[in-house]
Amino acid sequence: MLISFIEDPGAKTWWGYGIAFLMFFSAALQTLILHQHFQYCFVTGMRLRTAIVGAIYRKSLVITNSAKRSSTIGEIVNLMSVDAQRFMDLTSFLNMLWSAPLQICLALYFLWQYLGPSVLAGVAVMILLIPFNAVIAMKSRSLQVQQMQHKDARIKLMNEILNGMKVLKLYAWEPSFEQKVLAIRQKELKILKKAAYLNALSTFTWTTAPFIVALTTFAVFVTLDENNVLDAQKAFVSLSLFNILRFPLNMLPQVISSVVQATVSLKRLQNFLSHDELDPTSVERQKTGTGHAITVLNGTFSWGKTDPVVLDGISLTVPRGSLVAVVGHVGCGKSSLISALLGEMEKLEGRVAVEGTVALVPQQAWIRNATLKDNIVFGESLNEHKYQQVLENCALITDLDVLPGGDQTEIGEKGINLSGGQKQRVSLARAVYSDTDVYLLDDPLSAVDAHVAKHIFDKVIGPEGALKGKTRVLVTHGISFLPQVDQIVVMVNGKVSEMGSYQELQDQNEAFAEFLRNYAQRDEVEEDEPTVLDEDEEFLGEDALSNHIDLSDNEPSAAEARKLFMRQISVISSDGEPSAWKSTRRRLSEKKKVIESPPPTLPESKRLIEAETTETGRVKLIVFWQYLKAVGPFISVVICVLYCCQNAAAIGANFWLSDWTNDPVVNGTQHQTYVRVGVYAALGLTQGILVMISAFTLALGGLGAARQLHARLLDNKLHTPQAFFDTTPIGRIINRFGKDVHVIDEVIPLTFQMFLATFFNSLSTMLVVMRFYVATSRQLKRLESVSRSPIYSHFSETITGSSVIRAYGREKNFILLNDTKMDTNQKSYYPGIVSNRWLGIRIEFIGNCIVLFAALFAVIGRSNLNPGIVGLSVSYALQVTMSLNWMVRMTSDLESNIVAVERVKEYSETKTEAPWVIESNRPPKSWPETGNVEFSGYSVRYREGLDLVLKNLQLSVYGGEKVGIVGRTGAGKSSMTLCLFRIIEAAEGEITIDGVKIADIGLHDLRSKLTIIPQVSS
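A few points on the structure. Note that this is a predicted model, so its numbers are computed, not measured.

Cut-offs applied
- Residues numbered from 1 in each chain as written.
- Predicted model: local features only at pLDDT ≥ 70, side-chain atom pairs only at ≥ 80, totals over all residues.
- Heavy atoms only, no water.
- Salt bridge = Lys/Arg side-chain N within 4 Å of Asp/Glu carboxyl O.
- Helix = DSSP H or I, 4+ residues; strand = E, 2+ residues; numbered from the N terminus.
- Core = buried A, V, L, I, M, F, W, Y, C linked by side-chain atoms within 4.5 Å.
- Buried < 20%, exposed > 50% of the residue type's maximum accessible area, 1.4 Å probe, protein only.
- Pairing = 2+ DSSP bridges.
- Polar contact = N/O pair within 3.5 Å; in protein donor to acceptor, adjacent residues only side chain to side chain.
- Contact = heavy atoms within 4.5 Å.
- Patch = residues over 30% accessible without salt bridge, like charges linked within 9 Å, V, L, I, M, F, W, Y side chains within 5 Å.
- Areas by Shrake-Rupley, 256 points an atom, 1.4 Å probe, with all protein chains shown as cover.
- Axes fitted to C-alpha atoms, helices over the stretch in contact; angles between N-to-C directions.
- Arc of directions from axis to C-beta.
- Expected span 1.5 Å × (residues − 1).

**Thoughts on the pattern of salt bridges**
Going through the model one piece at a time under the given rule, you end up with 31 salt bridges. One salt bridge in this structure joins Glu-355 and Arg-320, with 2.8 Å as the shortest N-O distance. Here the residue Glu-355 occupies a position in the loop between strand E5 (346-354) and strand E6 (358-361), and Arg-320 occupies one in the loop between strand E3 (309-319) and strand E4 (323-327), the gap between them amounting to 35 residues. Between Arg-982 and Glu-985 there is a salt bridge, with the nearest N and O atoms lying 3.1 Å from each other. Each member of the salt-bridge network shares a partner with another, and the members are Arg-154, Arg-185, Glu-188 and Asp-745.

Laid out in structure tokens, this is it:
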């Protein structure tokens, strides 16, 4: 209409203004409707992701043990991060599946009005492109499946490495595990490279598609009939319609690949969600009138439907309120029996009934990353008197004195800052506090010392303990307690061989008598010790002379409390017994007073796990530089040049068309049509080829960067000192290796590609709006990334403790906790969506104004403008809106996603250990020959600013000697062994082995020559 107005000198001027404003209002209306639609789509996507993560979490609480073997933690974390994200991305474009074909049909209908049957040539080209793209989509789907498998394997391996980092360091195994990860990564990148080839090819077809359609249509139009004149009106209206075609044609392949990715994810989700679940009815819970709390009749159990039978023909009854001990050799099925009573095993036949509520103390204590008090109370309402009783009975009072924040001390992941005995006592305290009907105690006394075990048995489990009158099933190896139990069940090879009281079983002289003979020698040594354990020592509840997991040595809490602790011990041992008794009582009453006051908040130095830091303000240029350096500066320049050239070619083609429409019409025909078509075709194809080359170069550069950034992160993490892993939740590190690496691999290169494609179209307008928007968007993205880590940490914690959570019936609390963490994450995500809409409306308004002014200037200056130029300027103005919108979206996406590089960079630059090998100072191949170890004036602290844990140690050990190191918990026994391996470095003094100072040689030269059986098996 506008062009015909320009061409018609007699048209009224007000009509021209009317057209201009009509164009503006229709564009504004489109803007408002479009953004409403996007808002709904994104919110739906966000809800969908939340629902998927919630479903995965809920499922992981109920899957069977055999299902856990096939779905590793790595795979499930990927389901929560990558796959759930894919569904969210899909919802925003899903409507394109029907609206894109509709837009294409409408555009073609209007084209027919202008160009007649020659449009069919263009349609033919589009139809020919469909199978080509279908093949690409199929291929990329199969690549997607392979890539996700490699990603799962890599995350699983990283999880294992991070969990066993201490063992890796002690054995100097880091290089071999680094090679393993890099081998998987190599396969992953190989597949990404193939995907990049495909992507470059599909980018080429979709960039050139609208152009080839236009070219064939125009060429056929002018060659069909000499009288077909390509004037400005036909050319530019058609070109605008072709540009309308470009968006659905561009989006369709993206939507299709999104659908393809989502179907892969859907299949993975289906596989996980259709795993077998534990049967809640396998254990009957209703009250029976038999007086038996536990009844098993002819029960046969295995760990999975197809697995071999573990427990066979089990029949036993436990009277209400009795104490039953389950004994037997290692591996005879004692722990499996406990699992069977909880319904954790597959019941193949028989009947199991357990009356009332259940509490479980597992063999491996499960401790959450929460305060000590939260670990004991475990979601129950707090009763202060009962809580104090439980602490006293479980011998935890003195531990509270030792811990820096008392019962408000934060416990690290997996109870990292508690010793093995402390963990077991906390686990027992949780059970006692829960006050249930049935207690299943799986060897709770194995991790504590003899005198502590006696204290706990007398005060908690035994006939006079806190649990008297409750039903207790105790798995134990401690023979000394057996005479005090009501009934003993003897297990042999998965069967109950005997049952009865201590005396009855001794008289029968069968399996039980043999068991007694095997274990008696050990106990006799303890029984025959001349010194009788004092009450105060019992009260100390400390694992004296312990040989158990003495992890608290590696922690600041022990270091800070050591003085106080040693002083206490000296007071107790120098006093007579009665005063020690009193001092303990006094301490208890003081403790009560302390605890009844409001819980103290921990000063920063006492916090074990620091909050995750978030950068603020602009993403520093050094982060972009880091990424470009990883891509390669030369390649970066080449990519920019290629994008400039392709834009120049596109603009050239349009100017050529504008010039062509102004050709004079002689006798109803235009001359030079073949030259015009030829040059137009050449310019368009040049653009297409440049697009393909640039897309491919960019993808290769992106892959190079991804490889380098991941390798740097991995290398740094393997060189990081142990202290970092003790104070950083694994979820945080996995988040870097999972989601952030995924963004660097796949999202950033694509965003860069879109960014550069739109960048040259709309440079100036964008600068104004960007200043407000990007700052907000970027910060929201950072907050969203930080609030994602706790979801993963909480999740892996839940997986490990799922049997405990189920036993206590706390599933609802944990699901609620997971939902809360998800909501916190959404709080950072939702404002991001809204800020995108805010931006979109303002940007499109600017674009609509540009259209208005282009049209107004055309109306005002119609006397001296030719229709070709008017057509060109208005069609460019109409394009500006969309390219501006995309431009700002892509710039903000780029800044937001580059945050992943920032986060990976942060963890690639943490402080590292000493070098693994120092070439100039390598010990002889045969070192150490004799094994003389000497500590001279040796002192050590765990981290800067903490107290010394070993002070001025003087010690010589000669080769071949066997030396026992003894001392109370926290005395520094483990610290000495860790010093030999330089897991912690000397504050002063030195250690020499066969005359070689260990501080002067490389860590691997040292660690590979020593060997250790670590306390924590990994």
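**Concerning the nonpolar core**
Residues Ile-294, Ile-376, Leu-440, Ile-488, Phe-512, Tyr-627 and Tyr-680 are the most contacted members of the largest nonpolar core, which totals 198 residues. With 25 residues, the next largest nonpolar core counts Trp-927, Val-940, Leu-950 and Met-976 among its residues.

**What to know about the pairing of strand E11 (residues 933-941)**
Sheet topology note: the E11/strand E12 (residues 948-957) ladder contains six bridges and is antiparallel. Residue Glu-934 lies in a different strand from E12, and its bridge partner there is Ser-956. The turn joining E11 and E12, which pair antiparallel and follow one another in sequence, is formed by six residues; a positive phi near 85° is taken by Gly-945. Note: E11 against strand E13 (residues 986-993), six bridges, orientation antiparallel. Within the sheet, the bridge partner assigned to Phe-935 lies in E13 and is Ile-991.

**Remarks on the side chain of Ser-787**
Note that Ser-787 resides in helix H26 (residues 763-800). Separated by 2.9 Å, the side chains of Ser-787 and Asn-825 make a polar contact. Among residues more than four places away in sequence, those in contact with Ser-787 are Lys-821, Thr-824, Asn-825 and Ser-828.

**Quick word on a nonpolar patch on the surface**
A contiguous nonpolar surface patch, about 640 Å² in accessible area, is contributed by Tyr-17, Phe-21, Phe-25, Phe-853, Phe-857 and Ile-860. Of all the secondary-structure elements, those providing two or more residues to the nonpolar patch are helix H2 (13-60) and helix H28 (811-860). Here Phe-25 is to be found in helix H2.

**Examining the sheet that holds strand E10 (residues 495-500)**
Sheet strands pair by backbone hydrogen bonding; their relative direction is either parallel or antiparallel. Taken together, the six strands give an open sheet; going across it, the order is E6-E7-E8-E4-E9-E10, and neighbouring strands pair in mixed fashion. Each of the sheet's edge strands pairs with one partner strand only, and the pair in question is E6 and E10. Going across the sheet, the axis of each strand differs from the next one's by a mean of 15°, ignoring polarity. In the sheet, strand E9 (residues 487-492) pairs with E10 via five bridges, with the strands oriented antiparallel. By the bridge assignment for E10, Met-491 is matched with Val-496. Strands in contact with helix H14 (residues 420-434) are E6 and strand E7 (438-442); relative to E6, the strand with the most contacts, it is inclined by about 175°.

**Observations regarding helix H21 (residues 621-631)**
Taken together, the buried positions of H21 are occupied by Val-623, Phe-624, Gln-626, Tyr-627, Ala-630 and Val-631. The arc enclosing the buried residues of H21, seen along the axis, measures out at 155°, which places them on a common side. Phi turns positive one or two residues past the end of H21, at Gly-632, with a value near 110°.

**Concerning helix H5 (residues 96-115)**
For H5, which comprises 20 residues, the first-to-last C-alpha distance of 27 Å matches the rise-based estimate of 28 Å (1.5 Å per residue) to within 8%. Listing the buried residues of H5 in full gives Met-96, Ser-99, Ala-100, Ile-104, Ala-107, Leu-108, Leu-111 and Leu-115.

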